[in-house]
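Examining the three-dimensional arrangement
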Amino acid sequence: MTVDFADEPAEIRAELRAVARAVLGKAGRGAAADWSALAASGWLGLETPGALGGADATFAEVGIIAEELGRTITRAPYLGAIVLGVGALCAVAPCDGRDDLLAAASAGEAVPVAVLTEDAAFRLERGPDGRLRLFGRASFVPDAAEASRLLVAARRDGRGEPVIAAVGPEAAGVTVTPRAVLDETRNLADVDADGADVPPQAVWPFTGDTHAAVQRLLDRAAVALACDSLGIAAAMLEATVSYTQVRHQFGRPIGSFQAVKHACADMLVQTTVARELVAAAVTALAGPRVMDARAAASMAKSYACAAAVDVAGKAMQLHGGVGYARESGVHAYLKRAALNRALFGSPSAHRARLAERYRSVSTPTPNERPETADGIGAERRSGPPVRAGAEHGHPGAR
């Protein structure tokens, strides 16, 4: 399906967003999601092939659910199990074990959580008995403590192409240790593997470029967090504007004061820019070009997650004393936004990745530099080249 926010699927996505907002809104802010209800709604199998009970949809639909989960700061293993777990299963070659797990995940009967590191640091080694053993460690893995199956990105002998090794969280040699974090709406854990037995039928190769497949999964996580942060920013903007209209001081609504208007306007601008960057990243991830998706993901992650922290901080300030009270719920949004900002690459890390990419494509080698008739390089006549994207004022290029 072609991803185009202006075509017929846009109507379907608008309906999906409305239904998700209504369903998640009923549960209440910060509530734990009913996983069976999410399965019944079809949200767990959006990208699963139709032959396996899924909807044959794209990451665009997954992004909508991620945003609405952020808007209501719902507690659910959607990031680890659906964005990454189902994403990993869809990226490996079909086989009976993979197909059965994908169908079970879509029905809500299994929670497959992907365990990813930037360089696939886990390794599969053949032991003296000839069996494959899994070794490695990953920290702050989303939803690992709730997994029924761990999908570990690993390398054979620590040097080969990355594969997915499927192991049980309670298998011998596997340890899942929950990590305490300030955000009460997410569950993170450390995953250790020390010689865990992995049968050959539980080792699944990626299709196509394996390195690109692992990177694409990491980009999916980054964009899903950007979607979640966009939902946080939108919710905080709406709550703050509503509060400033009913809170009175000096006989008038505080929203009528110029300083408050300016603060709300800043929140709106940040949320609007974040929405554009997130939409571009979601569209890019649904397409085939890996490099374009990487750049768009970094732009969305670096800006949207930082903006959500700023917007939630302003919301707390504009709510005054009540904003610091636990009953207001503003603190929960701020904590989730802060954790989103840190997971799967900080804003500075993603900006550094963007800078490196633009540096590599915009800095010609000596043999590639164009010269004028007098032999002087064009860049020496016109000054330093403009950074890619900077001429458009793109926030992600800064």
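Residues numbered from 1 in each chain as written. Predicted model: local features only at pLDDT ≥ 70, side-chain atom pairs only at ≥ 80, totals over all residues. Heavy atoms only, no water.

1. A short note on the overall build of the protein chain
Note the cut-off: Secondary structure follows DSSP: runs of H or I at least 4 residues long count as helices, runs of E at least 2 residues long count as strands, and numbering of each begins at the N terminus. Using a 1.4 Å probe on the protein chains alone, a residue whose accessible area is under 20% of its type maximum counts as buried, one over 50% counts as exposed, and one in between counts as partly exposed. Accessible surface area values rest on a Shrake-Rupley calculation with a 1.4 Å probe, where residue burial reflects the displayed protein chains alone.
The helix and strand tally for the protein chain stands at eleven helices and ten strands. Out of the 398 residues in the protein chain, the part that is buried amounts to 48%. Accessible surface for the protein chain amounts to roughly 18,200 Å². Of this, 54% is attributable to carbon and sulfur atoms.

2. Details of the environment of Ser346
Our working definition: Polar contact criterion, stated in full: a pair of N or O atoms within 3.5 Å, where within protein one must be able to donate a hydrogen and the other to accept it, and residues adjacent in sequence count only if both atoms are side-chain atoms.
Structurally, Ser346 can be placed in the loop between α9 (330-342) and α10 (347-362). Owing to a relative accessible area of 27%, Ser346 belongs among the partly exposed residues under this scheme. Separated by 3.0 Å, the side chains of Ser346 and Ser348 make a polar contact.

3. Notes on empty space enclosed by the protein
Selection rule: Put simply, the grid is 1 Å and covers the protein atoms alone, a cavity is a trapped set of points that fit a 1.4 Å probe, a pocket is an open set with protein on both sides within 12 Å along at least five of seven lines, and lining residues have an atom within 4 Å of a point. Grid points are joined across faces, edges and corners, and a volume is the space filled by probe spheres set on the points. As a working rule, the residues Ala, Val, Leu, Ile, Met, Phe, Trp, Tyr, Cys and Pro are called nonpolar, Asp, Glu, Lys and Arg charged, and the rest polar, with Gly in that last group.
In total, this model carries one cavity of 30 Å³ or more according to the counting rule given. The calculated volume of the largest cavity comes to roughly 90 Å³. Split into classes, the residues belonging to the lining of the largest cavity amount to eight nonpolar, one polar and three charged.

4. Points about the pattern of salt bridges
Think of it this way: side chains of opposite charge can pair up when their charged atoms draw near. The condition that has to hold: What counts as a salt bridge is simple: a side-chain nitrogen of Lys or Arg found within 4 Å of a carboxyl oxygen of Asp or Glu.
In this structure the tally under the stated criterion is 20 salt bridges. The salt bridge partner of Asp190 is Arg137, with a shortest N-O separation of 3.1 Å. Here Asp190, found in strand β7 (residues 188-198), pairs with Arg137, found in strand β3 (residues 132-142); they are 53 residues apart in sequence, far enough to count as distant. Owing to a relative accessible area of 4%, Asp190 belongs among the buried residues under this scheme.

5. Re the packing of helix α4 (residues 78-91) against helix α5 (residues 96-106)
For clarity, the cut-off: Angles shown run from 0 to 180 degrees and are taken between the N-to-C directions of axes, each axis being a line fitted to C-alpha atoms and, for helices, limited to the stretch in contact. When the near helix sits turned anticlockwise from the far one by under a right angle, the crossing is termed left-handed; a clockwise turn instead gives a right-handed crossing. Two residues qualify as a contact provided that any one of their heavy atoms is within 4.5 Å of a heavy atom in the partner residue.
For the pair α4 and α5, the least separation of the axes is 10 Å and the interaxial angle reads 150 degrees. Regarding α4 and α5, the two cross each other, and that crossing is left-handed. Counting all contacts with α4, which are made through Val86, Leu89 and Cys90, the residues of α5 involved are Arg98, Leu101, Leu102 and Ala105. Of the residues that constitute the contact of α4 with α5, the class distribution is six nonpolar, no polar and one charged.

6. A short note on the environment of Ser148
Structurally, the position occupied by Ser148 is in the loop between β3 and β4 (149-156). Its relative accessible area of 40% is what places Ser148 among the partly exposed residues. Setting aside chain neighbours within four positions, we find Ser148 in contact with Ala110, Val111, Pro112 and Pro169. A distance of 2.7 Å separates the side chain of Ser148 from the backbone nitrogen of Val111, its partner in a polar contact.

7. Quick word on unusual backbone geometry
The backbone of Asp143 sits at a positive phi, close to 65 degrees, despite the residue not being glycine. With respect to the helices and strands, the residue Asp143 is situated in the loop between β3 and β4. Looking at Asp143, the relative accessible area reads 5%, which means it is buried. Despite not being glycine, Phe250 has its phi angle at roughly 55 degrees, a positive value. Within the secondary structure, Phe250 sits in the loop between β9 (248-249) and β10 (252-253). Owing to a relative accessible area of 73%, Phe250 belongs among the exposed residues under this scheme.

8. Some words on the nonpolar core
Threshold: In this description, a nonpolar core means a group of buried Ala, Val, Leu, Ile, Met, Phe, Trp, Tyr and Cys residues linked to one another through side-chain atoms lying within 4.5 Å.
Judged by nonpolar contacts, the single largest core of 100 residues is most densely connected at Trp35, Tyr78, Leu124, Leu134, Leu150 and Val198. Formed by 21 residues, the second largest nonpolar core is a distinct cluster that contains Ala235, Ala263, Leu318 and Val330.

9. Remarks on the confidence of the model for the protein chain
Quick reminder of the rule: Per residue, pLDDT measures the predictor's confidence, with a range of 0 to 100.
When pLDDT is averaged across the protein chain, the result is 87; 88% of the residues are at 70 or more. Averaged pLDDT values over the elements of the protein chain bottom out at 39 in helix α11 (residues 378-382) and peak at 98 in strand β1 (residues 112-115). pLDDT under 50 marks residues 1-6. Its contacts with residues more than four places away, or in other chains, come to 20 contacts. Below pLDDT 50 for its whole length, residues 369-398 participates in 28 contacts with residues either more than four positions away or in separate chains.

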